[in-house]
Structure formats: C-alpha cells, structure tokens
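# Descriptive structure summary
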Amino acid sequence: MNAQRRQVIAGLAAATMAAGVPLAAFAQKKKIVLGFSQIGAESEWRTANTESIKSAAKEAGIELKFSDAQQKQENQIKAIRSFIAQRVDVIAFSPVVESGWETVLREAKAAGIPVILTDRAVNVKDDSLWVTFMGSDFLEEGRKAGRWLVEKMKDVKGDVNIVELQGTVGSAPAIDRKRGFEEIIKTDPKFKIIRSQTGDFTRAKGKEVMEAFLKAEGRKINVLYAHNDDMAIGAIQAIEEAGLKPAQDIIIISIDAVKGAFEAMMAGKLNVTVECSPLLGPQLMQAVKDLMAGKTLPKRIVTEEGIFPMEVAAKEFPNRKY
Ligand code: GZL
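Residues numbered from 1 in each chain as written. Predicted model: local features only at pLDDT ≥ 70, side-chain atom pairs only at ≥ 80, totals over all residues. Heavy atoms only, no water.

With an unreviewed UniProt entry as reference, the protein chain is termed LacI family transcriptional regulator, source organism Caldimonas thermodepolymerans. The Subcellular location (unreviewed entry) comment attached to the protein chain in UniProt states, word for word, "Cell envelope". (UniProt positions renumbered as here; feature names shortened; annotations may be inferred.)

Right under this line is the structure:
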C-alpha cells in the first residue's frame, strides 16, 4: 500500500471512529490488490505455478491483477508499469531473466509500492528495490542432479559424455542449475560436458536441440542433463526417433518433478527428476497479507525440495500435487 493511500485510509479511519463505527468494520472493507506479472506458459511447471497463484489469491480474498508476458522481459516491464499506474497495493513477479530490472523497480519504489520476487531472483545493486525473494535453491538443484550422476556412474571407468539442455539464457534457474551441476561433476575428470545449448525450457525446443546433439555426437552421448522436465520429455522423443532407448542407451536427468516426468519414469524413459515446487501461491498470499499488516518479511524464503529416481516414481506419483 503506498504512502498516500495509507494517509487517506488513516484519515477515513479517524473519521469513522469519531462517528462511532468500529475500526475493524472499516478495515475489513478494503480488499488488498496484488499485481502479478507471470513469465508465460512455457512448461508444465509454469502452468502449475499460475494455477497455484490464482487459486491462492481467491482463497485469500486478494484481488489479483494477472499478466502473462509470453516469456518476454519487455512485457513484464510493461505489466509492472501498468500495476504502478493502477496503484496496486503490492507487485509480485517471476523475472524471466536476472538483469534489466533496475529502472522499473525504482519506479515501483518511488510510487511506494513494495515488490515481492517469486520463483526467480533479479540481479540489482540495490536490494531495497525488492522486499523478499521466495523460491527454490537452483544451485542446490543442480548439485542434487550432479550427486545423483556421480553415484550412478561410480563404477564406470572410461569417459562419461554429457549433453546439456540449458533453460532460458540469462535466467536464474539456467545459470545456477548449470553452476551447481558442474561444481559436483568437476570432482571427477571422466565427466565431460561435450555439448550444451538452451532449449528455453520448452518441449519443442528441447526435442529440436537434442536432434542436433544426436546428429553431431550420436552414440558418443552417455548422459542428458536437462534443466527442466519439459525439455527432457522433448528430448526423449528425439532419442526414440533416433532408434535409441531413453534412460538405457542415454541416462536422462532432469529437474521440476512435474507429472509428465513421473509418467516418463514409470514408462522407463527417464532416470531421475529433481523436485522444484511451483506451488508458491499460498506462501505468496501470506507474504502479501503480512506486508499489508506492517510485518517485516525475511529477505529470502526457500522452498524445501526432494529428488525422485525412477525406482520410486510409481509409489510417489499418487502423492504428487502438480
Ligand atoms: C524454476 C522455474 C523454471 C522451471 C521451468 O523455478 O523458473 O521455469 O524449472 C520453468 O520448467 O519454465
């Protein structure tokens, strides 16, 4: 809630108290307005994230102004400017890439509107431009993927040739999942990343890039590391069309743990997926309410997550919520 709005409300509250109307009755009437800029609908993960935010806003009685940026930063900046013009109480967004946010976040700060980061972080010098960042630890997700591979291949003597499908270029998950994975596999020189390219987190691009990897490297490829399940699922199609057996001829590791990944593991086509929960809606709405109630939020709220190898997929599948 911006400063001007708080003054007006305080004045009205004083007037209502003087008229004998209980403050609580007055305060209840004002609905919190949250402006949310979503990246797009590029993956199963994103769709589940959007559903979680919309349903949690409804549940919390918060008015949600929602915008889909179709994975374009300029559309997110436009949406944030529109939320400022509409004088929403709080702005939240999932930044498609880490850089290029200073100007618009300064405009939100000048308007007295607090900003919450969800899912992905931003790279700005002035951390006062955002109140809190809630989301996964992508570095640890990359490390978990690396640790699983090191354990899986511990008895393999020769080179282990890895191809990597990166997420959106410049995005926090793509940068940190790569960094975390490499931090672990560099402990053994047999692990070699022989090709690495972005599949932009989508099934279509994941398939296209995997086709190119197979054309260039063919049976030299031992492992695919995909930064999300959607690209892995696209790559599985390419591997099968090349006459190879996914999860057997090529070990496949991915991240998110969406339903499609469990279905692929149960079909014996994916070896393991690292969990990255999109169910941030309830946490976000609680943070918005706390902010509006004048509470101080922690600068970082981390979502706790696991890892699911294909051996546990059938047992775990009924418990999955996204
Ligand atoms: C991770 C999220 C990523 C998912 C992808 O928190 O930002 O974006 O891993 C999604 O599936 O597209």
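### Considerations on the sheet that holds strand 6 (residues 160-166)
In spatial order, the strands read 7-6-8-9-10-12; together these six strands make up an open sheet with mixed pairing. Since the sheet does not close on itself, it has two edges, and those belong to strand 7 (191-198) and strand 12 (307-309), each with one partner. This sheet shows a mean twist of 15° between the axes of neighbouring strands, independent of strand direction. Of the strand pairs in this sheet, strand 9 (residues 251-256) and strand 10 (residues 272-275) are connected by four bridges, and their pairing is parallel. Bridge assignment links Asp256 to a residue of strand 10, and that residue is Glu275. (Pairing = 2+ DSSP bridges. Helix = DSSP H or I, 4+ residues; strand = E, 2+ residues; numbered from the N terminus. Axes fitted to C-alpha atoms, helices over the stretch in contact; angles between N-to-C directions.)

### A short note on the site of the ligand
By nearness alone, 13 residues border the ligand, and Glu42, Asp119, Arg120, Arg177 and Asp256 come closest of all. Interatomic distance of 2.6 Å between a side-chain N/O atom of Glu42 and an oxygen atom of the ligand. Among the elements of the structure, helix 3 (44-60) and helix 7 (172-185) are those that each provide at least two residues to the shell around the ligand. Looking at the shell around the ligand, its residues break down into five nonpolar, two polar and six charged. (Near = heavy atom within 4 Å. Polar contact = N/O pair within 3.5 Å; in protein donor to acceptor, adjacent residues only side chain to side chain. Nonpolar A, V, L, I, M, F, W, Y, C, P; charged D, E, K, R; others polar.)

### Digging into the domain arrangement of the protein chain
Annotation of the protein chain at the domain level lists domain 1 (31-135 + 278-303) and domain 2 (138-276). With centres defined by C-alpha atoms, the gap from domain 1 to domain 2 works out at 30 Å. Facing the 12 residues of domain 1 at the interface are 20 residues of domain 2. In total, about 1,100 Å² of surface goes out of reach between domain 1 and domain 2, with carbon and sulfur atoms giving 51% of it. Linking domain 1 with domain 2 are one salt bridge, by the criterion used here. With its nearest N and O atoms 2.8 Å apart, the salt bridge here joins Arg203 to Glu44. Joining domain 1 to domain 2, the criterion identifies five residue pairs in polar contact (both at pLDDT 80 or more). Its residues placed into classes, the side of domain 1 that touches domain 2 shows five nonpolar, two polar and five charged. (Domains from an automatic or database assignment. Contact = heavy atoms within 4.5 Å. Buried area = accessible area lost by both parts, 1.4 Å probe. Salt bridge = Lys/Arg side-chain N within 4 Å of Asp/Glu carboxyl O.)

### What to know about the sheet that holds strand 2 (residues 63-68)
Spatially, six strands are ordered 2-1-3-4-5-11 in an open sheet, and the strand pairing comes out parallel. Lying at the two open borders of the sheet, with one neighbouring strand each, are strand 2 and strand 11 (300-302). Averaged over neighbouring strand pairs, the angle between their axes works out to 20° when direction is ignored. Across three bridges, strand 4 (residues 115-118) lies against strand 5 (residues 132-135) in parallel orientation. Looking across to strand 5, one finds that Ile116 is bridged to Thr132. Set on the sheet, helix 4 (residues 73-85) makes contact with strand 1 (33-38), strand 2 and strand 3 (90-93); between it and strand 1 the angle comes to about 170°.

### Focus: the UniProt feature "domain: Periplasmic binding protein" (unreviewed entry) in the protein chain
The feature "domain: Periplasmic binding protein" (unreviewed entry), as given by UniProt, occupies residues 35-295 in the numbering adopted here. Helix makes up 44% of residues 35-295 and strand 20%, whereas the separation of the span's terminal C-alpha atoms amounts to 20 Å.

### So, the packing of aromatic side chains
For the structure on display, the rule yields five aromatic pairs. Look at Phe181 and Tyr225: their rings are 3.9 Å apart centre to centre, the planes differ by 15°, and that puts the pair in the stacked class. With Phe181 in helix 7 and Tyr225 in strand 8 (residues 223-226), this pair connects stretches of sequence that are 44 residues apart. A single burial state applies to Phe181 and to Tyr225, both of which are buried. Three or more aromatic residues joined by ring pairs form one cluster here, namely Phe262, Phe308 and Phe317. The side chain of Lys54 reaches across the aromatic face of Phe66, ending 4.4 Å from its centre. Over the aromatic face of Trp130 sits the side chain of Lys299, whose NZ or CZ is 4.2 Å from the ring centroid. (Phe/Tyr/Trp six-rings, centres within 6.5 Å; stacked < 30°, edge-to-face > 60°. Buried < 20%, exposed > 50% of the residue type's maximum accessible area, 1.4 Å probe, protein only. Lys NZ or Arg CZ within 6 Å of the ring centre and 35° of its normal.)

### Some points on the packing of helix 4 against helix 5 (residues 102-110)
Viewed as axis vectors pointing N to C, helix 4 and helix 5 meet at an angle of 10°, and their least axial separation amounts to 10 Å. One element, helix 4, and the other, helix 5, form an angle in the roughly parallel class. Where helix 4 abuts helix 5, its residues Ile77, Ile80, Arg81 and Ile84 lie against Thr103, Val104, Glu107 and Ala108. Residue classes in the contact of helix 4 with helix 5 are distributed as five nonpolar, one polar and two charged. (Parallel < 35°, antiparallel > 145°, perpendicular 65-115°, else oblique.)

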